[in-house]
2 protein chains.
Amino acid sequence: MKLATLKNGSRDGTLVVVSRDLKHYVSAGGAAPTLQAALDNWEYTAPQLAALYAALNEGRAADAQPFDESACHSPLPRAYQWADGSAYINHVELVRKARNAEVPASFYTDPLMYQGGSDSFVGPRDSIYALSEDWGIDLEAEVAVITGDVKMGASDADAAGAIRLVMLVNDVSLRNLIPNELAKGFGFFNSKPASAFSPVAVTPDELGAHWADNKLHLPLTVHLNQQPFGKPNAGEDMTFSFAQLVAHAAKTRELAAGTIIGSGTVSNKQGSLHGSSIANGGVGYCCLAEVRMYETIEGGKPATGFLKFGDTVRIEMFDGQGASVFGAIDQTVAHYQERG
Amino acid sequence: MKLATLKNGSRDGTLVVVSRDLKHYVSAGGAAPTLQAALDNWEYTAPQLAALYAALNEGRAADAQPFDESACHSPLPRAYQWADGSAYINHVELVRKARNAEVPASFYTDPLMYQGGSDSFVGPRDSIYALSEDWGIDLEAEVAVITGDVKMGASDADAAGAIRLVMLVNDVSLRNLIPNELAKGFGFFNSKPASAFSPVAVTPDELGAHWADNKLHLPLTVHLNQQPFGKPNAGEDMTFSFAQLVAHAAKTRELAAGTIIGSGTVSNKQGSLHGSSIANGGVGYCCLAEVRMYETIEGGKPATGFLKFGDTVRIEMFDGQGASVFGAIDQTVAHYQERG
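Residues numbered from 1 in each chain as written. Chains lettered and ligands numbered in written order. Predicted model: local features only at pLDDT ≥ 70, side-chain atom pairs only at ≥ 80, totals over all residues. Heavy atoms only, no water.

Under an unreviewed UniProt entry, chain A has the name 2-keto-4-pentenoate hydratase and belongs to Pseudoduganella aquatica.

This is the structure in C-alpha cells:
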C-alpha cells in the first residue's frame, strides 16, 4: 500500500492512504491519525490501512479525493530516529581516490552510518533553506526505509522483517562545513540540515520484483534545474542491503518503530568523468560532490559548483511502466529569511 | 515547576506534575497527556502546569498521590532529537594528554557536539543492557536541557530563551567500540546505546541562583556500586553554556520543541590522579574513562576497568539544603537476555 501525510497545520500532519497511481487518497483517520501512530501499532493498523488501499484502488472508497503531492509533508514530518548509511561504496571510493587515499578494507564489511537530525524534516516540495550559499549546499538522492521495533542484536533476517515502508530522501549536505566538522571527530552535525522525503511511502510488497534481496532495483531519477542529472540503479553496487543496514543500527541498542534508515547517496560504478554524465551515456550522479570528485581525479580540481539560491532539485523513481512510485521530491534552494 | 513521566505501558507514558520535595504528584492530563504534547504547545500548557504545581506544593491539589521515582520513565521516553555537547574541555584535555596530543585551539571556541539516538531511551531505574561486557561499558553523568522551537541561526540570547526544562542524564558509552567507530569518520553510532534521564525535569526558575549564565552551578553526585565516585560542580569549567550549545545546534537548521541538548560529561580541572579521587579530597569523576586517563598519563596504562554486569550507577544532584532536585538515576548493568 501507499501512505502519505498531508499538511494540516499540526506538527505531525494527517495520515492518508494514496491510490497506486497516486491520483486519489482517502483519510486513514479511522485506523490511525498519523503515520507514527500507525507504526506504533502496525499489527493492528496495517490491515485496516490495507483494506482502505484496496477499496481506493478498486474505486470503492467513499470520500476519495484527488491527491496533490504538493499538499504533502514528509511521510514522517518528524521522527524519533533518522540514521543514514553509506551503502554505495563507489561513492566512498571516489571520495578517497580524489584525495589519493585507500578505502579501508573494513568498509566493505562494516557499514558506515551516521546519526542524523530527525526533529524537523521539511516537506517534499518545501524549500531547501540556508543562511549562506557559501555553506556548499548539495543534494543527496537516496532510498530509505522505515522500520518497526527491532531488538538489540537482531539478525539480518529479523531486520528485514521489520522493514515497514520504503521512500526516497534528499539528504541535503553542506559540503563546505564537512571538512572542519569531521576533523573534530564527532561526525556530522551542522553540515546536515533538514532532509526532505518523498510524498509517498510504500510497503515493500508494493514494489514487486523490484524489491529483491532487501534492495530496490530501479533507477533513481534526479533533475537539476529541470535538466537530467542522474539515473543510477539503486539496486546495483549497493554493498549493504537495507536488512544489513538495519541490523547494523541495532547492533548495540533497540530501534523503536518509526526509525528511518537511509541507503546513502545512490552511486553506480562508472569508468570516468566523460562517460559518467547522462549527456555522454552514463547514469549520472545523485549528488554534486560526485561529479566534482571525477573532475578532481581527472583535472586536479573540481569545476562544478554547489547549489545556489533559486536552483531546483527533483528526485523521483519510475517503475517498469513509467509510473512514479513515490511521487517527486521537488525543492528550490532559498535563503532562510524567505521562510517568514 | 517539576515534571515527570510515569510508565503506563504506552510508548510515551503519562505526564505528571511533581511537588518540589518530590513527595507527591498529580496528573497533568488536563493540560497535556505527555511531556512532548506539553512542549509542542508550551505557551498554552505551561501556565496550566504551573498552576497545578503551585496547588500541589501548597497542599491544595485534589488527587495528590505519593511520588515514586521508580515508577518513572525518562521525562521524554522517546524524543525527536538528542544532541550531546562536550562542554567540559577538561575532559577533552585529559583524553588528548593521555595520548600525547594537543587540543586544537578551535575546541575552545567551536563546541564539539554529536547527534545521539533518541528513539528509545530507558527509564532512570531501568537496567543498562548490553550483549557483552567486552564493549567497555561506561557511564557519563551529565546535565541536559529540553528546548522549545529554535530558529536557524538563533543568537545565544534566543537560544537561552528557548530552554524549557533541565534534567540529568546518564549517556552510556561503549568505550571499546569508540576507537574503530570514530576512525570510520562518521561519529558515534554503535558506541552510544540508550541513555537514561533523571526521573524529574525542572524549569530553570526552579533552580534559583544555581542557574546562572545558562549553567547549573551545583555538584553532580555519582556513586558506583554505592561508593562515592564523583561530585564535580556542573557550573565550573564548563567552556560553553547551554545557550551556546543550543545556538550551535541551531546554526544550520531549526530545532523542534522537545530537542534535548546535553552538556557532555561533567568534569572539573584537578591536578593529578592522586588528588582527583574523592578518597583523596578531589571531586572525583563522572565517567570511568576519566580516571583511566589519569592512570594512563601517570602510570602509562589504565588500571580501572569498565562496568561489569551487576554493577550499579547512581547519579543525583542536591541543592544547598541537601534536597534531591531531579530524583536519582539508579541503574544496574545487565545482559540484554534478561530484558525478556
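Attention now goes to empty space enclosed by the protein. Taken as a whole and assessed by the stated rule, the structure comprises six cavities of 30 Å³ or more. Of the volumes computed, that of the largest cavity is approximately 70 Å³. Along the wall of the largest cavity there are 14 residues; nearest its centre are Arg-253 of chain A together with Gly-117, Pro-193, Ala-194 and Ser-195 of chain B. A per-class count over the lining of the largest cavity returns five nonpolar, five polar and four charged. Put simply, the second largest cavity is a space of about 60 Å³. The wall of the second largest cavity is formed by Trp-82, Tyr-114, Gly-116, Gly-117, Asp-119, Ser-120, Asp-171, Lys-192, Pro-193, Ala-194 and Ser-195 of chain A together with Arg-253 of chain B. (1 Å grid on protein atoms, 1.4 Å probe; cavity = no way out; pocket = protein on both sides within 12 Å on 5 of 7 lines; lining within 4 Å. Points joined across faces, edges and corners; volume = space filled by probe spheres on them. Nonpolar A, V, L, I, M, F, W, Y, C, P; charged D, E, K, R; others polar.)

With 113 residues, the main nonpolar core has Leu-49 and Ile-260 of chain B as its most contacted residues. Once residues within four sequence positions are removed from consideration, Ile-260 of chain B is found in contact with Leu-76, Ala-79, Gln-81, Trp-82, Ala-83, Phe-121, Ala-144, Val-145, Ile-146, Met-167 and Phe-197 of chain B. Ala-87, Ile-178, Leu-216 and Leu-255 of chain A belong to the second largest nonpolar core, which has 111 residues in total. (Core = buried A, V, L, I, M, F, W, Y, C linked by side-chain atoms within 4.5 Å. Buried < 20%, exposed > 50% of the residue type's maximum accessible area, 1.4 Å probe, protein only. Contact = heavy atoms within 4.5 Å.)

It is worth spelling out the packing of aromatic side chains at this point. For the coordinates displayed, the defined rule picks out 21 aromatic pairs over all chains. An aromatic cluster is present here, built from Trp-82, Phe-121 and Phe-197 of chain A joined pairwise through their rings. Over the ring of Phe-189 of chain B we find Arg-253 of chain A; its NZ or CZ atom is 4.4 Å from the centre of that ring. (Phe/Tyr/Trp six-rings, centres within 6.5 Å; stacked < 30°, edge-to-face > 60°. Lys NZ or Arg CZ within 6 Å of the ring centre and 35° of its normal.)

Right, let's talk about the interface of chain A and chain B for a bit. Every contact between the two is made by 55 residues of chain A and, on the other side, 56 residues of chain B. Across the interface of chain A and chain B, roughly 5100 Å² is buried in total on both sides, 53% from carbon and sulfur atoms. Considering only the surface of chain A that becomes buried against chain B, Tyr-80, Phe-186 and Phe-189 of chain A emerge as the three largest contributors, covering 19% of it. The tally of links between chain A and chain B comes to 10 salt bridges. We note a salt bridge from Glu-254 of chain B to Arg-339 of chain A, for which the minimum N-O separation is 3.0 Å. At the boundary of chain A and chain B, one finds 35 residue pairs in polar contact (both at pLDDT 80 or more). At the level of elements, α1 (35–40), β6 (81–85), β7 (113–116), β8 (128–130) and α6 (242–249) of chain A are the ones that each hand at least two residues to the side of chain A that touches chain B. Here the side of chain A that touches chain B is built from residues that sort into 26 nonpolar, 15 polar and 14 charged. (Buried area = accessible area lost by both parts, 1.4 Å probe. Salt bridge = Lys/Arg side-chain N within 4 Å of Asp/Glu carboxyl O. Polar contact = N/O pair within 3.5 Å; in protein donor to acceptor, adjacent residues only side chain to side chain. Helix = DSSP H or I, 4+ residues; strand = E, 2+ residues; numbered from the N terminus.)

On to the environment of Glu-140 of chain B, then. All names here are of chain B. Tracing the sequence through the fold places Glu-140 in the loop between β9 (137–138) and β10 (141–147). According to the relative accessible area criterion, Glu-140 is buried, its value standing at 7%. Once residues lying within four places of it in the same chain are set aside, the contact partners of Glu-140 are Val-169, Asn-170, Asp-171, Ser-173, Arg-175, Lys-192, Thr-265, Cys-286 and Cys-287.

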